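# Descriptive analysis of the structure
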Amino acid sequence: MILTLIISFVLLEFAVNSVLSWLNGRWMTHPIPAVLKGLYDEAKYQKQQEYMRTCRRVSWVSRCVSLAIILPVLACGWLGWLDGVVKTWIDSPLLQLLILYAIFDVVGTLLDLPFGYYSTFVVEERFGFNKTTKRTFWLDTLKAALLSLAISTTLLTVIFLLYQSWGDRFWLWALLVYACVMVFFNLFYSNIIVPLFNKQRKLEPGELRTALETAMGQWGARFDDIYVIDGSKHSTKANAYFTGFGPKKRIVLYDTLLEQLATDQVVGVMAHEYGHYKHHDTLWNLVVAIVTIGVYLYLFSLVVGSDALPQALGGTPPSFALAMIAFSLLLTPLGFILSPIKGHFSRRAEYRADAFAAEHGHGESLIEGLKRLAANNLSNLTPHPAVVWFTYSHPTLAQRITQIKQLSHEV
Ligand SMILES: [Zn+2]
């Protein structure tokens, strides 16, 4: 019964993602919104359409391969079999859990590798985005895998030990630990995680720095410093963000952003980022993430001791690891409900951040900056409304520009 549910959820997820991708494909021929006319010339638009088709094909193959692997794994009870094998080798339940998870982590990374490699060195390369060397790619993959293994091992150990000493009530303590870890990484992301993959330097004095500091002064913004990160090491795609809070706030600009945008456009983009900060969006995201994890942990505490979950995956109870995997698969529908809700609030926050830029007189330069970034990234100008509603964290470019124009005229 539980296994049937799990398998139907896996199929449901596959179906939903495939339908969304199909809808987006159908919408490709839709006319470009009036506010975006002229963003691409004819040749570039052809290239953009080809890029979209290629990306959709790659993700379709990736989805099919995942499904072809996960279905027999679930149906034949191979997870339960693996759990049994690990149990015969090792006595300690904690070590059993960690080793099983390490195996999943490694297998998952290996399965993703061909797709990551193909996307980077074939697709992104062909469309001129890729800047990654093979050496960087392999090093980054290794670093990301080790980092993920280190974090999951630590968290699993803590959760399991809490479960052993507190029983069902472990979730509250586990949540406390999670919350501390998340706050810590939010504060020190730039100091700990970023240097593993990128180099960052302070923005040197000059026209841009003066322009940014002047604008920040007008907004009453305080920050640690302005940093430039070598995004060009990986890709030509550009970004900027405001990170951390309290004394750890800093502005981070991709070097690719500085290459592609004029000074006033960078200031426009920064005004948007500062708008997020001003509305406490970073803080809210953190709170929402902690509450979500709290709900997940509480629900997990209700079923963690049940024999049915490990049995559904073909294992012999008790198995904390199998219970966790079965539980997370059973939560798939909750993800479907949460995705559009999160998307709604996230898009609202983006509108507010754009409004901040527009109200402070940076509307036009933000629009120009966004257009240039979209053109350079070969962005899809006509996503299907259902895809936007279900998955988009940002409003579409046309929606954003329309709003910014309205507000800029009111100012
Ligand atoms: Zn934003």
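Up top is the structure.
A brief structural summary. (Residues numbered from 1 in each chain as written. Predicted model: local features only at pLDDT ≥ 70, side-chain atom pairs only at ≥ 80, totals over all residues. Heavy atoms only, no water.)

### Section: the overall build of the protein
- For the protein, the count of helices and strands is 17 helices and four strands.
- Within the protein, the fraction of its 411 residues that count as buried is 44%.
- Intrachain contacts of the protein at a sequence separation of at least 6 include 77% that bridge at least 24 residues.
- In the protein, the 34 positive side-chain charges and the 30 negative ones have mean positions that sit 2 Å from each other. (Helix = DSSP H or I, 4+ residues; strand = E, 2+ residues; numbered from the N terminus. Buried < 20%, exposed > 50% of the residue type's maximum accessible area, 1.4 Å probe, protein only. Contact = heavy atoms within 4.5 Å. Lys, Arg positive; Asp, Glu negative; His and termini not counted. Charge placed at Lys NZ, Arg CZ, Asp CG, Glu CD.)

### What about the coordination of the zinc ion?
- The protein atoms donating to the zinc ion are H272 (NE2), H276 (NE2) and E350 (OE), with metal-donor distances spanning 2.0 to 2.1 Å.
- Considered as a linear motif, the donors of the zinc ion on their single chain read H-x3-H-x73-E. Here H276, found in helix α10 (residues 263–278), pairs with E350, found in helix α14 (residues 332–359); they are 74 residues apart in sequence, far enough to count as distant.
- Here E350 falls in the buried class, since its relative accessible area comes to 6%. (Donors = N, O, S within 2.8 Å, 3.2 Å for Na, K, Ca; no water.)

### Describing unusual backbone geometry
- Residue P318 follows P317 across a cis peptide bond; omega there is -5 degrees.
- Mapped onto the elements of the fold, P318 is located in the loop between α12 (308–312) and α13 (320–330).
- Phi at L378 takes a positive value of approximately 55 degrees, unusual for a residue other than glycine.
- In this structure, L378 sits in the loop between α15 (363–376) and α16 (385–391).
- By relative accessible area, which is 4% here, L378 ends up buried.

### With respect to a nonpolar patch on the surface
- A contiguous nonpolar patch, built from W60, V61, V65, I69, V107 and L111 and spanning about 460 Å² of accessible area, is present on the exposed surface.
- Taken together, the elements giving at least two residues each to the nonpolar patch come down to α2 (42–75) and α4 (93–126).
- Looking at which element gives the most residues to the nonpolar patch, the answer is α2, with four residues.
- Structurally, L111 can be placed in helix α4.
- With a relative accessible area of 39%, L111 lands in the partly exposed category. (Patch = residues over 30% accessible without salt bridge, like charges linked within 9 Å, V, L, I, M, F, W, Y side chains within 5 Å. Areas by Shrake-Rupley, 256 points an atom, 1.4 Å probe, with all protein chains shown as cover. Salt bridge = Lys/Arg side-chain N within 4 Å of Asp/Glu carboxyl O.)

### Points about the pattern of salt bridges
- Considering all chains together, one arrives at 12 salt bridges under this definition.
- The partner of E50 in a salt bridge is R126, and the shortest N-O contact between them spans 3.4 Å. Here E50, found in helix α2, pairs with R126, found in helix α4; they are 76 residues apart in sequence, far enough to count as distant.
- On the basis of relative accessible area, E50 is assigned to the partly exposed category, the value being 24%.
- Owing to a relative accessible area of 51%, R126 belongs among the exposed residues under this scheme.
- Taken together, the shared-partner salt bridges connect E50, R53, R57 and R126 into one network.

### Focus on the pairing of strand β3 (residues 240–243)
- Alternating positions in β3 separate into two faces, A240 and F242 on one and Y241 and T243 on the other, with burial throughout.
- Where β3 and strand β4 (residues 250–254) come together, four bridges link them in antiparallel fashion. When the sheet's bridge partners are listed, Y241 is paired in β4 with V252. (Pairing = 2+ DSSP bridges.)

### Quick notes on the packing of α10 against α14
- α14 packs onto α10 with a crossing angle of 125 degrees between their chain directions and a minimal axis gap of 7 Å. The orientation of α10 with respect to α14, classified from their angle, is oblique. By crossing handedness, the relation of α10 to α14 is classed as right-handed. Touching G268, A271, H272, Y274, G275, H276 and K278 of α10 are A349, E350, A353, D354, F356 and A357, all from α14.
- Taken together, the residues of the contact of α10 with α14 break down into six nonpolar, four polar and three charged. (Axes fitted to C-alpha atoms, helices over the stretch in contact; angles between N-to-C directions. Parallel < 35°, antiparallel > 145°, perpendicular 65-115°, else oblique. Left-handed = near helix turned anticlockwise from the far one by under 90°. Nonpolar A, V, L, I, M, F, W, Y, C, P; charged D, E, K, R; others polar.)

### Details of the sheet that holds strand β1 (residues 200–202)
- Pairing is mixed in the open sheet, where four strands are placed in the order β1-β2-β4-β3. Every interior strand has two partners, whereas the edge strands, β1 and β3, have only one. Averaged over all pairs of adjacent strands, the angle between their axes in this sheet comes to 30 degrees, without regard to strand direction.
- Sheet strands touched by helix α6 (residues 170–192): β1, β3 and β4. Its angle to β3, the strand with the most contacts, is close to 125 degrees.
- Contacts between α10 and the sheet are confined to β3 and β4, with β3 contributing the most and set at about 30 degrees to the helix.

### A word on the packing of helix α1 (residues 2–27) against α14
- Packing of α1 against α14 leaves a shortest axis separation of 9 Å and a crossing angle of 30 degrees. Counted together, F9, L12, E13 and V16 of α1 and T332, P333 and F336 of α14 form the full contact between these two elements.
- Residue classes in the contact of α1 with α14 are distributed as five nonpolar, one polar and one charged.

Function-wise, these values are silent; they only describe arrangement.
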